[in-house]
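In case you want the letters, here they are:
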Amino acid sequence: MARGIVVADENRCKGCGLCVAVCPKHILCIADGRFNIKGYRPVEVVDPDSCTGCAACATICPDVVFSVYRYRRLSVPDSAAA
Amino acid sequence: MVRELLEGNAAIAEAAIRAGVDAFFGYPITPQTEVLEHFSRRLPEEGRVFLQAESEIAAINMVYGAACAGARVMTSSSSPGISLMQEGLSYIAASCVPAVVVNVMRGGPGLGNVQPAQGDYFQTVRSAGHGDFHPIVLAPASVQEAIDYVGLAFDLADKYRTVVVVLADGALGQMMEPAELPPFRRTRDPGSRPDWALTGADNRPRRVITSLYLGSDNLERHNLRLQAKLEEIAAHEVRWKSYDVADAELLLVAFGTMGRICQTVIRVMRRRGIAVGLVRPITLWPFPTAVLRHYSAQVQGMLVAELNAGQMAEDVRLAVEGRCSVCSYGRMGGSIPLPDEIVQQLEIFAADIACDSPGKEMMP
Amino acid sequence: MMATPAGYGEKVAAYEHPASLNAVNTHYCPGCTHGIIQRLVAEVLDELGVQGRTIGVASVGCSALMYFYFNVDFASAPHGRAPAMATGIKRVSPDKIVFTYQGDGDLASIGIAEAIHAAARGESITTLFVNNAVYGMTGGQMAPTTLPGQVTTSSPLGRDVRTAGYPIRIAELLATLQGAAYVTRQAVLDVPGIRKTKQAIRVAFGVQMADAGFSLVEVLSTCCTNWHQTPVDAMEWAKRNMIPCYPLGDTKVSEKTRALMEEH
């Protein structure tokens, strides 16, 4: 299950591909055969379930395309579930 | 108010302090270094900002920055240093922020010498930098006028959000004569800078001060705004002084130190029974065009006397539009004529006009 | 609507659009590191809570239109003069945070005197120096930071050190000045580097807030268009070729800066 959620504002994207290269889970790719409002091929989140919320994409993105959210990990209970 | 013996450069600086200058940024150059030195001692005493910059280029850009922040700010320099400042002056004018610049002119072109001259008229009055604009240019001829026009410069700079140049020369900067300093005006409280100034976008939309207008429509619109401002200045701020003009048959036109010499010349001519008057422009921009056009119908000729090769003479010719003879007399290199020299030139000019010779250049 | 995964609780923001940056598309080329660096500056201004009292000074180069992107008061300086303008602003408004943002030509060429003297005076301003070894805006000419042998439009056979000399290392140069309180060279060529750069920018603004002197962050950057490389390749090229010439790390940390760094 996804521990993170990444939201891409694709009309800010210039298709530079830096995010695709740095995503550790390889969940991003540049759209094929479609363009955003500026004429660039925007990034697409192709495997949202694998997102860890690491925000590497947001860290390297020059165009502030990404908003990233994480689920806070709950503390582990004393008796571990079987 | 007390009349004291004051040196021109020091008086200029002190007048700015009385006028409420917040900051001075400058660089040493003869013959105006005393302006910087006076500020270096007095501004810290008054709790205001003084900084000797690393060059005139840096100085004018510090002025530009402080002006954008809404402070009352000034620099001073002399001819070669003013050349370095031309880029900054163009930016300041284009950005519509106020600044006062004093040019204590020296002999040029190039390194020239340190003697008094008026050779920067073209440079300052035509535009003081690249592009379409004119600074307001004030031309004092005495230490008292220098004091008065520094105060006026700050008022005009603030009123029109533009560059005002006080165009003096080395003689004025170095001379000592009795004059009165005005009372202290309050400085602007840092919390009440003008509403266009950069003060931090705290709970308000952010402000940008720039001279960059990409796109020709954009830039033309901006230029039309600048031109409209210049028209307003030209309509309201022309200043000149005239002496013995009511019945004049010949007119001397001169500014600054040369204007002061001509004040003696007309007294000499009148004693000889020759009706010579003097128009001494105070604002070189806006130029007293209408005044000269008026007298061009009355006098037979105008002799324009300058410490240069004939620069203001061109503006006189433009104003007169051929209605009377215009002749130019100039000394350069810091050579200052005695009144007798100009008397001689006037007599030659008068004789030429009598013989119906066209106006011509006269050099020594 | 995704269900919260087992073992996890509330959703928190790991990254959101900085408030100090306007939500507009920039004119920078795809993959241009200006986008990253200006974003880091905005993030730091937000985190330090100084957006409302910050004044930026834009310079001449690809970043000349920076004032469209920041929700901050901005002045626009002539080429190379931003540190002098910033000096003027700061001297008459000492309670404001003033920064300049300059490229190779602006800071290391035409403006090198203004940069050196602002540092020497210990001006309480912060400078971002974007080093991409080339003049971007004007189409890729040689810069003082161009590497020996590097091909540019004004060194078509590669920079020849016999006629064009050697690169200038600004971070080392300014570190010799006593007024410089914090000078560092970082790189935005990968995610760890970007995080370190942000930290350096935070230290630099912290130095200004503590009135501890002049701070400058040199940031090794790319220029995809004028290097004729893809954004990803340009990052790798820069890592391989620029870092050996321009080592990363702090070149000057004054005692006051050290104390500030240890506080946090």
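This is a predicted model, so every value here is computed, not measured.

Reading guide: rules and limits
Residues numbered from 1 in each chain as written. Chains lettered and ligands numbered in written order. Predicted model: local features only at pLDDT ≥ 70, side-chain atom pairs only at ≥ 80, totals over all residues. Helix = DSSP H or I, 4+ residues; strand = E, 2+ residues; numbered from the N terminus. Contact = placed C-beta atoms within 7 Å. pLDDT = per-residue confidence, 0-100. Pairing = 2+ DSSP bridges. Nonpolar A, V, L, I, M, F, W, Y, C, P; charged D, E, K, R; others polar. Domains from an automatic or database assignment. Expected span 1.5 Å × (residues − 1). Bend = angle between axes of the 7 residues up to and from the residue. Buried ≥ 20, exposed ≤ 12 C-beta atoms within 10 Å, placed from the backbone. Axes fitted to C-alpha atoms, helices over the stretch in contact; angles between N-to-C directions. Arc of directions from axis to C-beta.

Q: Would you mind showing me how to read the overall build of chain B here?
A: When helices and strands are tallied, chain B shows twelve helices and 16 strands. Taken along its principal axes, the extent of the C-alpha atoms in chain B is 75 × 50 × 40 Å. Of the contacts made within chain B by residues no fewer than 6 positions apart, 80% connect residues no fewer than 24 positions apart.

Q: Please explain the confidence of the model for chain C as it appears in this structure.
A: When pLDDT drops low, the exact placement of atoms in the prediction is not to be read closely. The predicted model of chain C averages 97 in pLDDT, with 99% of residues at 70 or higher. Taken over the whole predicted complex, pTM reads 0.95, whereas the ipTM for its chain interfaces reads 0.95.

Q: What am I meant to see in the sheet that holds strand 7 (residues 214-220) of chain C here?
A: Neighbouring strands of a sheet are bound in pairs by backbone hydrogen bonds; such pairs are parallel or else antiparallel. The mixed open sheet is built from eight strands, whose spatial order is 9(B)-3(C)-2(C)-4(C)-5(C)-7(C)-6(C)-8(C). The outermost strands of the open sheet, each flanked by one partner alone, are strand 9 (208-209) of chain B together with strand 8 (249-253) of chain C.

Q: Mind showing me how you'd approach the interface of chain B and chain C here?
A: Size of an interface, as often reported, equals the accessible area lost when the parts are brought together. Each partner contributes to the interface: chain B provides 35 residues, whereas chain C provides 28 residues. When contributions to the side of chain B that touches chain C are tallied by element, the ones reaching two or more residues are strand 2 (23-26), strand 3 (49-52), helix 3 (56-68), helix 4 (79-95) and strand 9 of chain B. Ranked by residue count, the leading element in the side of chain B that touches chain C is helix 3 of chain B, at eight residues. Across two bridges, the pairing between strand 9 of chain B and strand 3 (residues 73-76) of chain C is parallel. If you follow isoleucine 209 of chain B over to strand 3 of chain C, its bridge partner there is alanine 75 of chain C.

Q: How do you make sense of the environment of alanine 16 of chain B when you look at a structure like this?
A: Residues and elements named next belong to chain B. Mapped onto the fold, alanine 16 is located in helix 1 (residues 8-18). For the pair alanine 16 and proline 80, spaced 64 residues apart in sequence, the C-alpha separation works out to 23 Å. Residues within four places of alanine 16 in sequence aside, it is in contact with Val21, Met74 and Val150.

Q: Can you help me understand the interface of chain C and chain A in this one?
A: Taken together, the contacts link 31 residues of chain C with 33 residues of chain A. For the side of chain C that touches chain A, the elements supplying multiple residues, two or more each, are strand 1 (8-15), helix 1 (33-48), helix 7 (191-209) and helix 9 (231-245) of chain C. With eight residues, the top contributor of residues to the side of chain C that touches chain A is strand 1 of chain C. Counted by class, the side of chain C that touches chain A contains 16 nonpolar, ten polar and five charged residues. Two elements, strand 4 (residues 66-73) of chain A and strand 1 of chain C, share five bridges in a ladder whose sense is antiparallel. Paired with tyrosine 69 of chain A across the bridge in strand 1 of chain C is alanine 13 of chain C.

Q: When you look at the domain arrangement of chain B in this model, what are you seeing that I'm missing?
A: All names here are of chain B. What the domain assignment reports for chain B is domain 1 (3-192) and domain 2 (241-362). Centre-to-centre, using C-alpha coordinates, domain 1 lies 28 Å away from domain 2. Each partner contributes to the interface: domain 1 provides 24 residues, whereas domain 2 provides 21 residues. If you list the elements that add at least two residues to the side of domain 1 that touches domain 2, you get helix 5 (121-127), strand 6 (136-138), strand 7 (163-169) and helix 7 (170-174). Residue composition of the side of domain 1 that touches domain 2, grouped by class: 16 nonpolar, seven polar and one charged.

Q: What is the right way to look at helix 9 of chain C in this model?
A: Residue pairs spaced three or four apart in an α-helix point in one direction, given the helix's 3.6 residues per turn. Here helix 9 of chain C is 15 residues long and its end C-alpha atoms lie 21 Å apart, about the 21 Å a rise of 1.5 Å per residue gives. At lysine 239 of chain C, helix 9 of chain C shows its largest kink, close to 35°. Looking only at helix 9 of chain C, the buried set comprises Pro231, Ala234, Met235, Ala238 and Met242 of chain C. Here the buried face of helix 9 of chain C lies against helix 1 (18-22) of chain A together with strand 7 and helix 8 (224-227) of chain C.

Q: I keep staring at the sheet that holds strand 4 of chain A and nothing clicks. Help me out?
A: Strand order in the open sheet formed by three strands is 1(A)-4(A)-1(C), and the pairing between neighbours is antiparallel. Taken across any chain shown, the strands that pair with only one partner, and hence form the sheet edges, are strand 1 (4-8) of chain A together with strand 1 of chain C. For this sheet the average axis-to-axis angle between neighbouring strands, irrespective of direction, equals 20°. Note that strand 1 of chain A and strand 4 of chain A share five bridges and pair antiparallel.

Q: Even after reading the chapter, I still don't get helix 10 (residues 289-296) of chain B, so can you show me in this structure?
A: Residue and element names in this part refer to chain B. Listed in full, the buried residues belonging to helix 10 are Leu292, Tyr295 and Ser296. Mapping the buried residues of helix 10 onto a view down its axis gives an arc of 110°, with all of them on the same face. Where helix 10 is buried, its residues contact strand 11 (250-253), strand 12 (276-281) and helix 11 (312-320).

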